[in-house]
Amino acid sequence: MNLSHHGGSCGHSCCLRVENMSVKIGTDCILKDVNLHVHCGEMAAIIGPNGCGKSTFLKAVNGMIPVVGGSICLGGRDVHDFSRKALSREIAFLTQTHDVPPDVTVRELVRMGRFPYRRLWSGSRRKDRDAVEGAIRAVGLEAHAGQAMQHLSGGEQQRAWLAVLLAQDAPILLLDEPTTYLDVHHQLRILDLLRRINERWQKTVVVVLHDMNQAWQYADEVVVMKDGRLVCTGPPQAVLTPERLWDVFAVHTDIVTTCDGRSAIVVLRSDVSLQTSNLGKT
Ligand code: ADP
Ligand code: MG
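Residues numbered from 1 in each chain as written. Chains lettered and ligands numbered in written order. Predicted model: local features only at pLDDT ≥ 70, side-chain atom pairs only at ≥ 80, totals over all residues. Heavy atoms only, no water.

Asks: How do you make sense of the pairing of strand β1 (residues 16–25) when you look at a structure like this?
Replies: The side chains of a regular strand alternate, first on one face of the sheet and then on the other. Relative to strand β2 (residues 28–38), β1 runs antiparallel, the two sharing 7 bridges. When the bridges of β2 are listed, V23 appears paired with L31. Here β1 pairs with strand β4 (residues 69–74) via 5 bridges, running antiparallel. Residue pairing in the sheet places R17 in a bridge with C73 of β4. (Pairing = 2+ DSSP bridges. Helix = DSSP H or I, 4+ residues; strand = E, 2+ residues; numbered from the N terminus.)

Written as structure tokens, this is what we have:
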């Protein structure tokens, strides 16, 4: 689904514009000349091979690592011009890995999402409480709110992290592989939830996914990265062509029509399996 009615440069901080951005770590150029515009209310999926720079890209957008060139703007304002707290009111970021201190309950964790609104000595205000309880309800964890995080299943833990992002009440959500380590049912549950958050809570979502079919089904825009560069961006059907998937992932694919009349990507074989099967015959 394309939410192009949200599209265009609205000038608000819900739209993200990255221009000619490069990132160096030590002497290595990790991201090279990346250009991307994510419109207000859009759900964009980033895909690309391991090590191509997806996590680095999200960290740079969240102002966590310096850029050596170009700019990253929310509306018209560079992310580096925001204080840490002010930026946290604009961007909520779920990193690829996240540890929870032992015995922290779901509600206590979700409360941490309110840190950008806290003053040094203010207690928990009503608005904070409402935001926390609303976020817990939105992810369906009311019955677990008082439980320690370590006693929740992987899917429930991931929903609790989504609630932290919702409590943060930022217009842009960045999520780095939120479905990794979940079984396929719970992967889709997280993505359905994310889509609902995108539509009902009017959030701009940028999510790193490994599953190209999930990007195909859920994203308005797919961003393909390889070797620190943005290869292309556009609607899934335009971007995830068999030719491009071969170029980026070295896998042979086909687009098929499924029994419910939709389309899906089928991975036929990889370059490596081709060589292996040839070896097997000799
Ligand atoms: P992806 O998320 O696409 O798997 P990353 O953004 O994590 O890729 O990493 C991109 C490249 O940058 C990799 O080659 C990785 O080794 C390198 N890299 C990332 N962070 C660091 C770091 N802190 N120090 C050195 N190299 C790093
Ligand atoms: Mg990563």
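Asks: Looking at this structure, I do not really get the site of ligand 1. What am I missing?
Replies: Around ligand 1, the neighbouring residues are I25, I30, P49, N50, G51, C52, G53, K54, S55 and T56. Note that an oxygen atom of ligand 1 is positioned 2.8 Å from one of the side-chain N or O atoms of K54. The separation between an oxygen atom of ligand 1 and a polar side-chain atom of T56 is 2.5 Å. Protein contacts shield 54% of the accessible area of ligand 1, which totals 560 Å² for the unbound molecule. If one sorts the elements of the shell around ligand 1 by residue count, helix α1 (residues 54–61) sits on top with 3 residues. Here the residues of the shell around ligand 1 are counted per class, giving 4 nonpolar, 5 polar and 1 charged. (Near = heavy atom within 4 Å. Polar contact = N/O pair within 3.5 Å; in protein donor to acceptor, adjacent residues only side chain to side chain. Areas by Shrake-Rupley, 256 points an atom, 1.4 Å probe, with all protein chains shown as cover. Nonpolar A, V, L, I, M, F, W, Y, C, P; charged D, E, K, R; others polar.)

Asks: Looking at this structure, I do not really get the environment of P102. What am I missing?
Replies: Relative to the elements of secondary structure, P102 occurs in the loop between β6 (91–94) and α3 (106–112). Spatially, the C-alpha atoms of P102 and M149 are 7.8 Å apart, while their sequence positions differ by 47 residues.

Asks: Is there a simple way to explain the packing of helix α4 (residues 126–138) against helix α5 (residues 154–168) in this structure?
Replies: Geometry of a packed helix pair, given as the angle between the helix axes and the separation of the axes. Running from amino to carboxyl end, α4 crosses α5 at an angle of 140°, the nearest separation of the two axes being 8 Å. When the axis of α4 is compared with that of α5, the two are oblique. Regarding α4 and α5, the two cross each other, and that crossing is right-handed. Every residue of α5 that contacts α4 at A131, A135, I136 and A138 is listed here: A163, L166 and A167. Looking at side-chain class alone, the contact of α4 with α5 contains 7 nonpolar, no polar and no charged residues. (Axes fitted to C-alpha atoms, helices over the stretch in contact; angles between N-to-C directions. Parallel < 35°, antiparallel > 145°, perpendicular 65-115°, else oblique. Left-handed = near helix turned anticlockwise from the far one by under 90°. Contact = heavy atoms within 4.5 Å.)

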